[in-house]
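Report on the structure
Given next are the chains, with one letter for each unit.
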Amino acid sequence: MAKPPSTRSSPAQIEKFLGKSKTLAAFVDSQPRLLFAVDATASRQPTWNIARKLQSEMFLATRKSASLSVQLCYFRGFHDFYASSWLSDSTALAQKMSQVRCEGGHTQIARTLKHAQAEHAKSAIKAVVFIGDANEENADTLCNMAGQCGLLKLPLFMFQEGRNPAVKQTFSDMARLSGGAFAFFDQHSADTLAALLGAVASYAAGGRKALQMHGSDVAKALLQQLP
């Protein structure tokens, strides 16, 4: 039989512990928050692996200005939707992503936006990054939700893998209506995706000024789209 603790924490020790916990929570809440959403349906496994390797670019881009807090979201399979806790280092995010295997299913972009809006209501999110290659949902519904994000000052950065014209139309409209930006990439342009993630992280940490200071061609292209 396990023995009970030999000593009990005093009221003063408990109060001290609670004070530290509140301080830590306040620090996390003060960090710029970026929601990182990825389509994890079956066709996405190769790009998921690329994104997992490159996600550290988001943290590296802000290391000189502010600590970044990132939440990983993904959908896959049959109504499978996941949102992590808010993470403040790339190792923890990489560990989360390494445990995921893509599964066949329909897109759940509207569900992702609804979640982003709910999180934004709790504590402001500076930007939402979405990486995907397809859309099987009503474009008008998604654009309406993107417009709602715009009213909430929650910009969407929609990064499309491939060149499907219907997907481009919807994703670019969503980005514009939300006050965000749109860009293409493919499985052979890992450098482009890395630059995109770093540029958005800079924007999340310091706004337009930080994005201007990023200096890359990718950052300049995103800047031209921002309102």
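Above this note sits the structure.
Notes on the structure follow. Model, not experiment: these values are computed from the prediction.

Side note on the packing of helix α5 (residues 109-122) against helix α6 (residues 139-151)
The geometry of α5 relative to α6 is characterised by a closest axis approach of 10 Å and an angle of 15° between their N-to-C directions. In terms of their interaxial angle, α5 and α6 are classed as roughly parallel. Of the two possible hands of crossing, α5 and α6 adopt the one that is left-handed. Where α5 abuts α6, its residues I109, A110, L113, K114 and Q117 lie against L142, M145, A146, Q148 and C149. When grouped by side-chain class, the residues that make up the contact of α5 with α6 number seven nonpolar, two polar and one charged.

Details of the sheet that holds strand β5 (residues 156-161)
Taken in spatial order, the six strands of this open sheet run β3-β2-β1-β4-β5-β6, and their pairing is mixed. Each having just a single partner strand, β3 (80-83) and β6 (181-185) make up the two edges of the open sheet. Taken pair by pair, the neighbouring strands of this sheet meet at an average axis angle of 15°, ignoring direction. Two elements, strand β4 (residues 127-132) and β5, share five bridges in a ladder whose sense is parallel.

Calculation rules
- Residues numbered from 1 in each chain as written.
- Predicted model: local features only at pLDDT ≥ 70, side-chain atom pairs only at ≥ 80, totals over all residues.
- Heavy atoms only, no water.
- Axes fitted to C-alpha atoms, helices over the stretch in contact; angles between N-to-C directions.
- Helix = DSSP H or I, 4+ residues; strand = E, 2+ residues; numbered from the N terminus.
- Parallel < 35°, antiparallel > 145°, perpendicular 65-115°, else oblique.
- Left-handed = near helix turned anticlockwise from the far one by under 90°.
- Contact = heavy atoms within 4.5 Å.
- Nonpolar A, V, L, I, M, F, W, Y, C, P; charged D, E, K, R; others polar.
- Pairing = 2+ DSSP bridges.

Don't take any of this as a statement about function, it's just geometry.
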